[in-house]
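Below are the chains, spelled out letter by letter.
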Amino acid sequence: MVRTTSGSRRLLKWVGNGLLVVLLVWTLLPFYWMIATSLKADREIYGFEATLYPHRPTLAAYGRLFSTTPFMKYVRNSTIIAVGNTLLSLAFGCLGAYALARLRFPGRSLIARGLVVTYLVPPALLFIPLFAVMSTLRLIDTHQGLILAYLSFSVPFSTWLLMGYFRSVPLELEEAALVDGCSRLGSLIRVILPMSLPALAVVTFFSFTQSWNEFLYANVFVNSVEVRTITTGLSLFIVEDVFFWGPMMGASFLSTLPPLIMYLIFQRWVVKGLTLGAVKG
Amino acid sequence: MSSINRRDVLKLAGAAGVAATSPWWLVGKSQAQRAKKLVYWHLPNFTPLADQIQKEQVYEFAKQAGLKEAEVEYAVVANEQATAKLAASIEAGNPPDVIRLYESNVQFYGSQGHLLDVTDLVAKMRREPKGIFETSMTAVMYKGRALGVPLAVNPWPVHARLDLLEQAKVEYPKTWDEFIEVSKKIQSPPRLFAFGMCLGLVEDTTDNVMNLLWCYGGKMVEADNKTVVMNSPANVAGVKVIEAMFKTHKIIPQGAISWDNSGNNKAYQSKQAAFVMNPSSIYAYLDSNDKDLQKVTGLFPVPAGPKGSVAQIDTWSYGAFKKNPYPDLARGLIDYFMQPANYDRIIQSTGGRWVPVYKRLFDSPFWREKTEFKHFIHMAETGVPVSHAGAPTAAAGEVLNTHVIPKMIQRVLVENWDAAKALEECDKRIVEIYARYNKA
C-alpha cells in the first residue's frame, strides 16, 4: 500500500514536471525566437528553411537598431511614462482605496462599483473621446497626456486591488495608532502601507507593465519621436508590406527586459500580493 | 486623536488629483501652438534617404513661408496605424494639415467634406511639359473637383525569377495559359512553387484576383460606380482559372490561403515563389537587402487573357484637411513637394518604389537605363485601379477593406463552392455596400 502511494506520488510528480516543462517551453519559445531572429542575417531570416538557431550570428540588426532608429528615445519615453504612471497610480490608488475602505460617506459603494465598471470599458471605445479631451487640454503629443490617459485604467485597478487589501488590515491596529496621536494620513503611511507591501508591489508591477505595453493610446495621442514609446516605435519596422524582422525582433526583445527586471525585483511580493488579494479582495 | 479627519483625507485626494492634472497648465503645448503650426504626418517611405529628403523639404518650405522650426510639426506615422490616428484626430477637430493618403481614402474623406479642393494645384501639374499620367486622376477626382494631389503611381508588375526561366529555357509567358505551362516547368515543390498568388483574407488578394479577372473580361463595378457586375460569365471564367492553378496544376502553394499582405513578399524574397504580382516594394527591398536576387528579378506586365493584359495601378495622393487654421500653408507645402525638381529627388531616392506622376521624369537616365523599368511607363499610362471599371470610391475602399473578394475566392478554394455560386454571394455583398454609399 505504501509502495503504491509512493508510486502514485512519483507519477504525479513526473506529470507535474512534464506539464511544467511544456509550460516553460510555451512561455520561453517566443523569447528564444525573438533573440534568435534578431541575431540572424536577413538572408537567413528569409531563407527557405526556418533555422532554429542563427547559423551565422550577427549583431547587424542591433547595429541598425541603434544607429538608424531613435530606439533609445523610445526607451526613454516609455520609461518616463511608465514610471510616472506607476507613481501616480500608487498615490491615487492608496488615497482612494483608503477612503473607500475606511471612511463612511454617501455614494461610497457606488464609487467602488464605478471603479470596476471604469476598468472594464475597453480602450477601443475610449480613445476617440479621450483624444478630444486631450486635444482640449492641449495634452496631445506630451508625456503628461499619455500618463494622464493611462491613469484612466491604472487608477481603477490600483484602487480596487488596494481597497480589498486595506480592508484586510485589522482596524484595531489603525485605531491604536490614532489613539496614540497619529493622523489619518499618518496611520495610512505608518501602519497600513507597511503592512500592504505585497499589494503595493502588485500595483507597481501591473501599472508599470500596462503602461509599458500599451499601444492604442500611445499610437493615437503621440505624433513626434520625442514622445513616442517603444510599442508604437516597433510598428515603424513595417513599411508597407515589408517587415524588417531583424531590428524589430531586436527591439522587441530589448523592450521585454524592463518589465522582466521589475518582476524579478518584486517577485516575492507580487506572488504573495496576488494570492492575498485574490482571497481578501 | 489628530485634528485631521476623513474630510482632510478627501481634500488631500482632491488636491493630489489637481496636482496630477496640473501639467496641462504648464505644458499648454499641442493645441495652443497648433494654431501657428504646419502639421505634416509623414508615412515612411521605403528608404531612409527618401524620408530624410522629404523631411528636409518640409523644413525648407516652412523657412520660405516664414515659419520658425518650432512652428512645424513633422510626425512620422506608421502606415498601418494612420487610419486610427486620423479617425481620432478628425473626430476631435484636430487633423494634420497634410498627409499622404492611399487611393480610396481621398474619396472617403473627400465625400465627408474633410478635404480641401486642390483642383488648381492639379491643373498646374497637368500644365507641366508632357503632363501627368491621367490614370492617376481617378483616385483624386470627386464630383468634378480634385480633392487630392496624385503623388505617385504604383504599378503592380509581376516579379519574375529570370534565372529560373533561363534554366528551363523558356521565355516570360505572354498569356495565362502559357503561364501555367511555364510554371509547371520551373517549379519544384515543396521548396519552390511557381506562383506566389496572395489568397488570404487580405487586401492583396483582392488586387491579385481582380487583376487576373480583368484579363478574362471581368470587373467589379461599371464606370457609373453603381452597377455591380461581379456575377458575370467573365468573372466565372477567371475564377475557374485560379481554381485550376490552385487545385489542378498546383502551381500556387496551399499555404497562400492564409497569407497576409506580406506573404507574397516573403515567398519571393525567400526564393519560394518564382512569380508574384505585387507593387515594386519587393524590388525596392531587394535593392537594399539582396542584390543577388535583385539581379535575377524581372518586372513584367501580367500575362494576357482573352481580353488582353490589363495592368493594375494604385495611386497615392497628398490630401490637405479643411480643419486647419492656415490652408494656404498646407496647399503651399503640397505645391512645394510637387515642384518637379523637388519631386524628382524623392522619387529617385525611393529606388524605383514610386513611379512619378510627371511623364517627363521618365526621360531621366534613372528610368531609362534599367531594363526592369521598361514596362512601367506603359503600365502607368494604361493601368486601372482595383475598383475597375469604377473609380476608387469610398464604397470600393470598403469592398477592399472588408475582404469581400478574398472571401469569395476562399469559398471556391477552401470550401469547394462552385465559382458561379461564390460570385453570386460576393455580388450581393458588394451591391449592398455600393447601395449604402450611393444612398448616402
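If you're wondering where the values come from, they're calculated on a predicted model, not measured in any experiment.

Participant: Please clarify how the overall build of chain A should be interpreted in this entry.
Facilitator: Counting its regular elements, chain A contains 13 helices and two strands. Expected size for 281 residues packed as a compact globule is a radius of gyration near 19 Å; at 24 Å, chain A overshoots this value by more than 25%. A principal-axis box enclosing the C-alpha atoms of chain A has dimensions of 75 × 75 × 30 Å. The buried share of chain A, reckoned over its 281 residues, is 49%. In chain A, the proportion of contacts linking residues at least 24 apart, taken out of those at least 6 apart, comes to 73%. As displayed, chain A has an accessible area near 14200 Å², and 72% of this comes from carbon and sulfur atoms. Within chain A, one finds 22 positive and 12 negative side-chain charges whose respective centroids are separated by 11 Å.

Participant: In this structure, what is going on with the overall build of chain B? I would like to understand it.
Facilitator: If you tally the helices and strands in chain B, you get 22 helices and 11 strands. Across its three principal directions, the C-alpha atoms of chain B cover 90 × 60 × 45 Å. Put simply, chain B has 440 residues, and 60% of those count as buried. For chain B, the computed accessible surface area is about 17400 Å², with 53% contributed by carbon and sulfur atoms. Distance from the positive charge centre (51 side chains) to the negative charge centre (46 side chains) of chain B: 4 Å.

Participant: Looking at this structure, I do not really get the sheet that holds strand β3 (residues 98-102) of chain B. What am I missing?
Facilitator: The strands that make up a sheet pair up through hydrogen bonds in the backbone, lying either parallel or antiparallel. All names here are of chain B. If you walk across this open sheet you meet the five strands as β2-β1-β3-β11-β6, and the pairing is mixed. Each of the sheet's edge strands pairs with one partner strand only, and the pair in question is β2 (72-76) and β6 (149-155). Direction aside, the axes of adjacent strands within the sheet are offset by 20° on average. Of the pairings in the sheet, the one linking β3 to strand β11 (residues 313-320) comprises five bridges and is antiparallel in character. In the sheet register, Y102 faces β11, and the bridge partner there is W316. Contacts between helix α4 (residues 48-64) and the sheet are confined to β1 (38-42), β2 and β11, with β2 contributing the most and set at about 165° to the helix.

Participant: So what exactly am I meant to see when it comes to the sheet that holds strand β10 (residues 297-300) of chain B here?
Facilitator: Residue and element names in this part refer to chain B. A sheet is described by the order of its strands in space; here four strands give the open sequence β8-β9-β7-β10, paired in mixed fashion. Of all strands in the sheet, those bounded by a partner on one side alone are β8 (193-195) and β10. Within this sheet the neighbouring strands show an average axis-to-axis angle of 20°, counted without direction. In the sheet, strand β7 (residues 158-161) pairs with strand β9 (residues 273-277) via three bridges, with the strands oriented antiparallel. Counterpart to V158 in the pairing with β9 is M277. In the packing of helix α14 (residues 281-289) onto the sheet, the strands contacted are β7, β9 and β10, and the crossing angle to β10 comes to about 155°.

Participant: It is not clear to me how the pairing of β3(B) should be interpreted in this structure. Could you clarify?
Facilitator: Note on strand geometry: in a regular strand, side chains alternate between the two faces of the sheet. Residue and element names in this part refer to chain B. Summarising burial for β3: four of the five residues are buried, a large majority. With two bridges joining them, β1 and β3 adopt parallel strand pairing. Among the inter-strand pairings, W41 is bridged to a residue of β3, identified as I99.

Participant: Would you mind going over the packing of helix α6 (residues 123-136) of chain A against helix α5 (residues 82-91) of chain B with me for this structure?
Facilitator: To characterise two packed helices, one gives the angle between the axes of the helices and the distance between these axes. Here α6(A) crosses α5(B) at 50°, and the two axes come no closer than 8 Å. Classed by the angle they form, the pair α6(A) and α5(B) counts as oblique. Like other packed secondary-structure pairs, α6(A) and α5(B) cross with a definite hand, here right-handed. Along the contact surface, α6(A) presents F127(A), I128(A) and F131(A), while α5(B) presents A84(B), A88(B), S89(B) and E91(B).

Participant: Please clarify how the side chain of D314(B) should be interpreted in this entry.
Facilitator: Residue and element names in this part refer to chain B. Within the secondary structure, D314 sits in strand β11. A distance of 2.6 Å separates polar atoms of two side chains, one belonging to D314 and the other to N154. Only 2.9 Å separates the side chain of D314 from the side chain of W156, close enough to count as a polar contact. Setting aside residues up to four positions removed in sequence, D314 forms contacts with Y102, E103, A152, V153, N154 and W156.

The rules behind the values
- Residues numbered from 1 in each chain as written.
- Chains lettered and ligands numbered in written order.
- Predicted model: local features only at pLDDT ≥ 70, side-chain atom pairs only at ≥ 80, totals over all residues.
- Heavy atoms only, no water.
- Helix = DSSP H or I, 4+ residues; strand = E, 2+ residues; numbered from the N terminus.
- Rg over C-alpha atoms; globule rule 2.2 N^0.38 Å.
- Buried < 20%, exposed > 50% of the residue type's maximum accessible area, 1.4 Å probe, protein only.
- Contact = heavy atoms within 4.5 Å.
- Areas by Shrake-Rupley, 256 points an atom, 1.4 Å probe, with all protein chains shown as cover.
- Lys, Arg positive; Asp, Glu negative; His and termini not counted.
- Charge placed at Lys NZ, Arg CZ, Asp CG, Glu CD.
- Pairing = 2+ DSSP bridges.
- Axes fitted to C-alpha atoms, helices over the stretch in contact; angles between N-to-C directions.
- Parallel < 35°, antiparallel > 145°, perpendicular 65-115°, else oblique.
- Left-handed = near helix turned anticlockwise from the far one by under 90°.
- Polar contact = N/O pair within 3.5 Å; in protein donor to acceptor, adjacent residues only side chain to side chain.

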